[in-house]
Amino acid sequence: MNSITSCVLPSFSIASTLPVRAAWCGALGVLLACSHALAQPDSYPNKAITIVVGYPAGGSTDLNGRVLGAELSKKLGVPVVIDNVGGAGGAIGAQKVANAPADGYTLLVGASNEIAISRLVSSVFKYDLKDFTPIGLIATQPMVLVASQKSGVKTVEQFLRQVSQNPGKYSYGSSGVGTALHLAGEMVKDQGGLFMTHIPYRGVAPLANDLLGNNIDFGVFVMSSGLPHIRSGKVVALGTTEARRSPLTADIPALAETPKLKGIDINIWFALMGPARMPEPVVAKLKKALNDSLQMIELRKKLEDSGSTVSPVNVDMPAFLKQETEKYQRIVDFAKIKE
């Protein structure tokens, strides 16, 4: 006859079983917590995602954030909210994301300024690239060197000749110390062997006012900010800062087409970033949603209309960020830029 063997726990006194029960409860709690943590990426996203933009509404970074956010919302099936956290050239918003929980619900749409340049020129910023998870590039945009009507300069050759023959006489403006516009201007000075004074402005608007008012000779704009003034004829476009002229503004030459400036290749880029140590399944979902979004015709048109070129998908972000940072560091060292 078959017998069934039962397992009978030996009897203990209540006092003797308390440590055992406590250990079981503790182990069970750890297992449940681990199970919950592991399950979270599988259900991601199940609530609204916030995209932080480190600038007020209306600028090029904000445009990238809003256009991408609308498309990500469709792809991920949850609301995507834009949080404009202006200040310190985008750095306050970047710091907020670096300090956020690494769960994929707080992301940054940032530009090269706050992601890679700011920390090279100032010790005030307490975050580094290692404090972020790079998800992918969104778009790039060239900068453009322009001349005021007062300067009388119409071509980059005239610019080089006039400035080189009058060292220290001329100045150029940018949107602030340590911005990509400032670095582009210093790259022109370095390559062209020019002596010019840099005039930092508190943003693009006051720079535009002084250029249009003929209070300054030259300036560097992001293409989206400069194009309306170029098209109206109020300033003269001398050249763009990428190695090749942009197909979106094919009538404006690249500065690098001039032999003396052939090494100039710098732009503004926009990227989707998250806090460091995000779960890989969450990062993978965001990368796929980003790449799918960048294929959408409506998104591409909106960004291209603003002067941006949509980035190719699956860019090797660690390699890209390393290369860009090394480029910026060389310019910072040349110009001795420190705040």
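Structure's up top.
Here the structure is a predicted model, which means the values were calculated and not measured.

Quick notes on the rules
Residues numbered from 1 in each chain as written. Predicted model: local features only at pLDDT ≥ 70, side-chain atom pairs only at ≥ 80, totals over all residues. Heavy atoms only, no water. Helix = DSSP H or I, 4+ residues; strand = E, 2+ residues; numbered from the N terminus. Expected span 1.5 Å × (residues − 1). Buried < 20%, exposed > 50% of the residue type's maximum accessible area, 1.4 Å probe, protein only. Arc of directions from axis to C-beta. Contact = heavy atoms within 4.5 Å. Salt bridge = Lys/Arg side-chain N within 4 Å of Asp/Glu carboxyl O. Axes fitted to C-alpha atoms, helices over the stretch in contact; angles between N-to-C directions. Left-handed = near helix turned anticlockwise from the far one by under 90°. Nonpolar A, V, L, I, M, F, W, Y, C, P; charged D, E, K, R; others polar.

**Points about helix α11 (residues 317-335)**
A turn of α-helix holds 3.6 residues, and therefore any two residues three or four places apart point the same way.
Inference 1: Across its 19 residues, α11 extends 27 Å between first and last C-alpha, which sits within 8% of the 27 Å expected from 1.5 Å per residue.
Inference 2: Every buried residue of α11 is accounted for by M317, F320, L321, E324, T325, K327, Y328, I331 and V332. Buried positions in α11, seen along its axis, are confined to an arc of 165 degrees and lie on one side of it. Exposed and oriented more than 90 degrees from the buried face of α11 are P318, K322 and R330.
Inference 3: At its buried positions, α11 is contacted by α4 (112-121), β4 (132-148), α6 (180-192) and β9 (267-275).
Inference 4: One or two steps after α11, the chain reaches K336, where phi turns positive at roughly 55 degrees.

**Here we look at the pattern of salt bridges**
Where charged atoms of side chains with opposite charge meet at close range, the side chains can pair.
Inference 1: Per the stated rule, a full pass over the model turns up 14 salt bridges.
Inference 2: One salt bridge connects K96 with D83, and the closest N-O pair in it is separated by 2.7 Å. Placement of K96 in helix α3 (residues 91-98) and of D83 in strand β2 (residues 80-84) is noted, with a sequence separation of 13 residues between them.
Inference 3: According to the relative accessible area criterion, K96 is partly exposed, its value standing at 41%.
Inference 4: Assessed through its relative accessible area of 23%, D83 is described here as partly exposed.

**Some remarks on α6**
Inference 1: Between its first and last C-alpha atoms α6 spans 18 Å; for 13 residues at 1.5 Å apiece the expected length is 18 Å, and the two agree.
Inference 2: Across the 13 residues of α6, 11 count as buried, placing the element largely inside the fold.
Inference 3: Buried within α6 are the following residues: A180, L181, H182, L183, A184, G185, E186, M187, V188, K189 and G192.
Inference 4: A positive backbone phi angle near 65 degrees is found at G193, which sits one or two residues after α6.

**With respect to the packing of helix α2 (residues 60-76) against helix α9 (residues 280-293)**
Inference 1: Across the interface, α2 lies against α9 with an axial gap of 9 Å and an inter-helix angle of 120 degrees. Between α2 and α9 lies a crossing whose hand is right-handed. Of the residues in α9, those in contact with L68, E71, L72, K75 and L76 of α2 are K285, L286, A289, L290, D292 and S293.
Inference 2: Residue composition of the contact of α2 with α9, by class: six nonpolar, one polar and four charged.

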